[in-house]
Amino acid sequence: MNDLPRAELPGSRSPNPESLILASGSPRRAQLLSAAGYEFSIQPASDSAECGICSRETAPEMVARLAYRKAADVVARIDQGLVLAADTVASCVGSILGKPHNRDHAEEMLRLLSGREHDVYTGVCLWSRRNETFQVDVVRTRLRMSELTEEQLSEHLDSLRWEGKAGAFGFQDGNDWLTIIGNDSESNVVGLPMERLAELLENFERKAEKITTPTIDSIESSDSSCS
Ligand SMILES: Cc1cn([C@H]2C[C@H](O)[C@@H](COP(=O)(O)OP(=O)(O)OP(=O)(O)O)O2)c(=O)[nH]c1=O
């Protein structure tokens, strides 16, 4: 056991002795972790960890891969700690919607989502530097967006609340045209599935995989069509 302060892991019977490092620049992820009482430091992954497109990937495969890449990027820069990385996208009628590049892109996404049900996926990667083990998981939340009027669309685009948000909307912004279907996780939409995260942290030592296993290849595809 080292001398670092322990990560506070609510609900955990044996707290992980490694300090928790959030590998994210997302203010929403930091807020969710703080609100749940976790102690952590922040080291965002570099932008290059998030690039890479593979046309054959599904949304859950993509968020798993990107969460893994973001964690790996930060792990390479630290000597100790338990790294937590995540990636969130929306998925609707076969299209994967990440963060919009500009207003037109945001409008295109919202017109696709308008009046439809869609899924938000968040991939989470926990990676122990001490043990060189990792675990990746993906959580889905199903939502419905009411048909947007032209006025609602313009108001939302003008507000710029779409910036930096997958699918060009923020569930946390309290829009009455967005609802979660069933009991799916709300925090998952905003960037971290807190209920699943607590379970992952609780069971991490038992379920994490050694870094040298072939599982890595299934996450970090070496396929040449994926750059
Ligand atoms: C769907 C949705 C996404 N989001 C946000 C969460 C994420 O910050 C963002 C998706 O982009 P991500 O690439 O997952 O995260 P990020 O670039 O903001 O931060 P980092 O890579 O450093 O971790 O969209 C909301 O805030 N509300 C929502 O309702």
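What counts and what doesn't
- Here, residues in each chain are numbered from 1, in the same order as that chain's written sequence.
- Totals for whole chains, interfaces and linings use all residues, but because this is a predicted model, local features are given only for residues with pLDDT of at least 70 and pairs of side-chain atoms are given and counted only at 80 or more.
- In DSSP terms, a helix is any run of H or I states spanning at least four residues, a strand is any run of E spanning at least two, and both are numbered starting from the N terminus.
- Comment: burial labels come from other C-beta atoms within 10 Å of the residue's own C-beta, placed from the backbone, where a count of 20 or more is buried, 12 or fewer is exposed, and between is partly exposed.
- Contact definition: two residues whose C-beta atoms, as placed from backbone geometry, lie within 7 Å.
- UniProt positions are given in the numbering used here, feature names are shortened, and annotations may be inferred rather than shown by experiment.
- DSSP bridges decide pairing: two strands pair if at least two such bridges lie between them.
- A residue counts as near a molecule or strand when its C-beta atom, positioned from the backbone, falls within 6 Å of it.
- Ten residues, namely Ala, Val, Leu, Ile, Met, Phe, Trp, Tyr, Cys and Pro, are considered nonpolar, four, namely Asp, Glu, Lys and Arg, are considered charged, and the remaining ones, Gly among them, are considered polar.

J.: Before we move on, can you summarise the overall build of the protein with the specific residues and values?
T.: Of regular secondary structure, the protein possesses 7 helices and 8 strands. The burial tally for the protein puts 38% of its 227 residues in the buried class. Taking contacts inside the protein between residues at least 6 apart in sequence as the whole, the part at least 24 apart equals 71%.

J.: Quick rundown of the UniProt feature "site: Important for substrate specificity" (unreviewed entry) in the protein? Include the residues and the values.
T.: Per the UniProt record, "site: Important for substrate specificity" (unreviewed entry) is found at R28, T88 and Q172. Sequence-wise these annotated residues cover 145 residues; spatially they are packed, their C-alpha atoms never more than 14.3 Å apart. Position of R28 among the secondary structure elements: in helix 1 (residues 27-35). Given 19 C-beta atoms within 10 Å, R28 falls into the partly exposed group. Beyond its immediate sequence surroundings of up to four residues, R28 is in contact with Q172, V190 and G191. As for its placement among the helices and strands, T88 is situated in strand 3 (residues 82-92).

J.: How would you summarise the pairing of strand 3 if you had to cite specific residues and measurements?
T.: Of all 11 residues making up strand 3, 11 are buried, and the element is well covered by its neighbours. Burial of strand 3 is two-sided: the residues L82, L84, A86, T88, A90 and C92 facing one way and the residues V83, A85, D87, V89 and S91 facing the other way are all buried. Across 10 bridges, the pairing between strand 3 and strand 5 (residues 117-128) is antiparallel. Within strand 5, the residue paired with L84 across the bridge is L126. Here strand 3 folds back onto strand 4 (residues 95-97) in antiparallel fashion, the turn holding 2 residues, of which V93 has a positive phi close to 35°.

J.: Pulling in residues and values, what's your account of the environment of M145?
T.: Along the chain, M145 falls in strand 6 (residues 133-145). For M145, a count of 21 C-beta atoms within 10 Å puts it in the buried group. In contact with M145, other than residues within four places in its own chain, are L113, S114, G115, R116, H118, W177 and L178.

J.: Could you give me a rundown of the environment of L201, with the residues and numbers involved?
T.: Looking at the secondary structure, you find L201 in helix 6 (residues 194-207). Here L201 falls in the buried class, since 22 other C-beta atoms lie within 10 Å of it.

J.: Which residues make up the site of the ligand, and what values do they have?
T.: Neighbouring the ligand are 25 residues, the closest being S24, G25, S26, F171 and G191. Put simply, the parts of the chain that give the shell around the ligand at least two residues each are strand 3 and helix 5 (186-190). Of the residues forming the shell around the ligand, the biggest block, 4 residues, is contributed by strand 3. Its residues placed into classes, the shell around the ligand shows 10 nonpolar, 9 polar and 6 charged.

J.: Let's hear about the environment of V138: which residues, and what values?
T.: In this structure, V138 sits in strand 6. The class of V138 is buried, set by 20 C-beta atoms lying within 10 Å. Sequence separation of V138 and R161 is 23 residues, and the distance between their C-alpha atoms is 25 Å. Setting aside residues no more than four positions away along its own chain, V138 makes contact with P60, V63, A64, Y121 and G123.

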